[in-house]
Protein chains: 2
Amino acid sequence: MGANLSIRIDLDSGERIGPGKIRLLELIETTGSISGAGRAMGMSYRRAWLLVDSLNRALGAPLVTTRQGGASGGGAQVTALGRELIARYRSLEAESAAATRRELGPLLPGSDL
Amino acid sequence: MGANLSIRIDLDSGERIGPGKIRLLELIETTGSISGAGRAMGMSYRRAWLLVDSLNRALGAPLVTTRQGGASGGGAQVTALGRELIARYRSLEAESAAATRRELGPLLPGSDL
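Everything quoted here is computed from the prediction, not taken from an experiment.

Enquirer: Please clarify how the interface of chain A and chain B should be interpreted in this entry.
Expert: A common way to report how large an interface is uses the accessible area buried once the components associate. Taken together, the contact pairs 35 residues of chain A with 35 residues of chain B. Of all residues in chain A, Arg88, Glu103 and Leu107 of chain A bury the most surface against chain B, accounting for 21% of the area lost on that side. Linking chain A with chain B are four salt bridges, by the criterion used here. Taking the shortest distance from any N to any O, the salt bridge between Glu103 of chain B and Arg88 of chain A comes out at 3.9 Å. The interface formed by chain A and chain B includes eleven residue pairs in polar contact (both at pLDDT 80 or more). When contributions to the side of chain A that touches chain B are tallied by element, the ones reaching two or more residues are strand E1 (3-11), helix H3 (45-59) and helix H4 (80-104) of chain A. Broken down by element, the residue count for the side of chain A that touches chain B peaks at 14 residues, all from H4 of chain A. Considering only residue class, the side of chain A that touches chain B consists of 19 nonpolar, eight polar and eight charged.

What follows is the structure, given as structure tokens:
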């Protein structure tokens, strides 16, 4: 038995930061492509692009930059801010998971929290 | 500008613990009734009852007890375990909010995180 923690931040601007968008950013970094990252998560290029755009608006600065064409056929790159967001989100997630284990572990002895 | 944090725990059993169910428990404690608590959240008695039942299964013990009929017309009461779950969830939520402020605050200066 295990348990999985999901943390979502709803900003007053209406934008949201959550596990799906962070995972997408990580996959863009790995694959070097928005469509490749979307494919790995079973979503269309358009959907993936909209999620990246929403993150850019939430942070007020680009997290991903794209190149069109050229010898390498274009591609996408996560910016320094994007990498910082990934690291900080993963860090707050780890801290929250520790708090969840501490608080709920005693009430859910079989859950391996 | 503000921000709102939502934390959901998905147990391997398929049960979930999240902000909606915890709020429902709190409202059952306040109103003394599952239907009253459901109404306050805009949901049917049946939906509210199913959420309580799901929490009972997640914890493996009752979080709410009900009385039928009698002079007072029945009602529902949150058990000691239910009150402990509310307190512990609110506590882990506060700890996670602090971690979120610490980690994401510098990247979202206008958000009042």
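Enquirer: Is there a simple way to think about the packing of helix H1 (residues 19-31) of chain B against helix H3 (residues 45-59) of chain B in this case?
Expert: To describe two helices that pack against each other, one gives the angle between their axes and the distance between the axes. Residue and element names in this part refer to chain B. It is at 10 Å that the axes of H1 and H3 come closest, and there the two elements cross at 105°. Overall, the two elements H1 and H3 adopt an arrangement that is roughly perpendicular. Taking contact as the criterion, the partners of Lys21, Leu24, Leu25 and Ile28 in H1 are, on H3, Ala48, Leu51, Val52, Ser54 and Leu55. Of the residues assigned to the contact of H1 with H3, the class counts are seven nonpolar, one polar and one charged.

Enquirer: Looking at this model, I keep getting lost on the relation of the copies chain A and chain B. Mind explaining?
Expert: Two copies of a chain can be linked by a rotation about an axis combined with a shift along that same axis. Structural alignment of chain A on chain B gives an RMSD of 0.0 Å, achieved by rotating through 180° and translating 0.0 Å along the axis. Look at the turn and shift together and you get a two-fold axis relating the two.

Enquirer: Just checking my understanding: could you explain the side chain of Ser54 of chain B for this structure?
Expert: Considering the arrangement of structural elements, one finds Ser54 of chain B in helix H3. According to the relative accessible area criterion, Ser54 of chain B is buried, its value standing at 8%.

Enquirer: Where do I start with H1 of chain B in this structure?
Expert: The α-helix advances 3.6 residues per turn, and as a result positions three or four apart in sequence lie on the same side. Residues and elements named next belong to chain B. In this model, H1 (13 residues) spans 18 Å end to end at C-alpha, consistent with the 18 Å of a helix rising 1.5 Å per residue. Along H1, the residues that are buried comprise Lys21, Ile22, Leu24, Leu25, Glu26, Leu27 and Ile28. Where H1 is buried, its residues contact strand E2 (16-17), helix H2 (34-40), H3, strand E3 (64-67), strand E4 (75-78) and helix H4 (80-104). Within two residues after H1, Gly32 carries a phi angle of roughly 70°, on the positive side.

Enquirer: I'm lost on the pattern of salt bridges in this one. Help?
Expert: When the charged atoms of two side chains with opposite charge come close together, those side chains can pair. For the coordinates displayed, the defined rule picks out 20 salt bridges over all chains. Among the salt bridges present, the one from Glu84 of chain A reaches Arg88 of chain A, with a minimum N-O distance of 2.9 Å. In this pair, Glu84 of chain A and Arg88 of chain A are both assigned in helix H4, four residues apart and thus about one turn of the helix distant. Classification of Glu84 of chain A as partly exposed rests on a relative accessible area of 33%. One salt bridge connects Arg16 of chain B with Asp10 of chain B, and the closest N-O pair in it is separated by 2.8 Å. A relative accessible area of 40% means that Arg16 of chain B is categorised as partly exposed. Since its relative accessible area comes to 15%, Asp10 of chain B is described here as buried. Look at the salt bridges and you will find they share partners, linking Arg23, Glu26, Arg90 and Glu93 of chain A into a network.

Cut-off values and rules
- Residues numbered from 1 in each chain as written.
- Chains lettered and ligands numbered in written order.
- Predicted model: local features only at pLDDT ≥ 70, side-chain atom pairs only at ≥ 80, totals over all residues.
- Heavy atoms only, no water.
- Contact = heavy atoms within 4.5 Å.
- Buried area = accessible area lost by both parts, 1.4 Å probe.
- Salt bridge = Lys/Arg side-chain N within 4 Å of Asp/Glu carboxyl O.
- Polar contact = N/O pair within 3.5 Å; in protein donor to acceptor, adjacent residues only side chain to side chain.
- Helix = DSSP H or I, 4+ residues; strand = E, 2+ residues; numbered from the N terminus.
- Nonpolar A, V, L, I, M, F, W, Y, C, P; charged D, E, K, R; others polar.
- Axes fitted to C-alpha atoms, helices over the stretch in contact; angles between N-to-C directions.
- Parallel < 35°, antiparallel > 145°, perpendicular 65-115°, else oblique.
- Least-squares fit on C-alpha atoms with pLDDT ≥ 70 in both.
- Buried < 20%, exposed > 50% of the residue type's maximum accessible area, 1.4 Å probe, protein only.
- Expected span 1.5 Å × (residues − 1).

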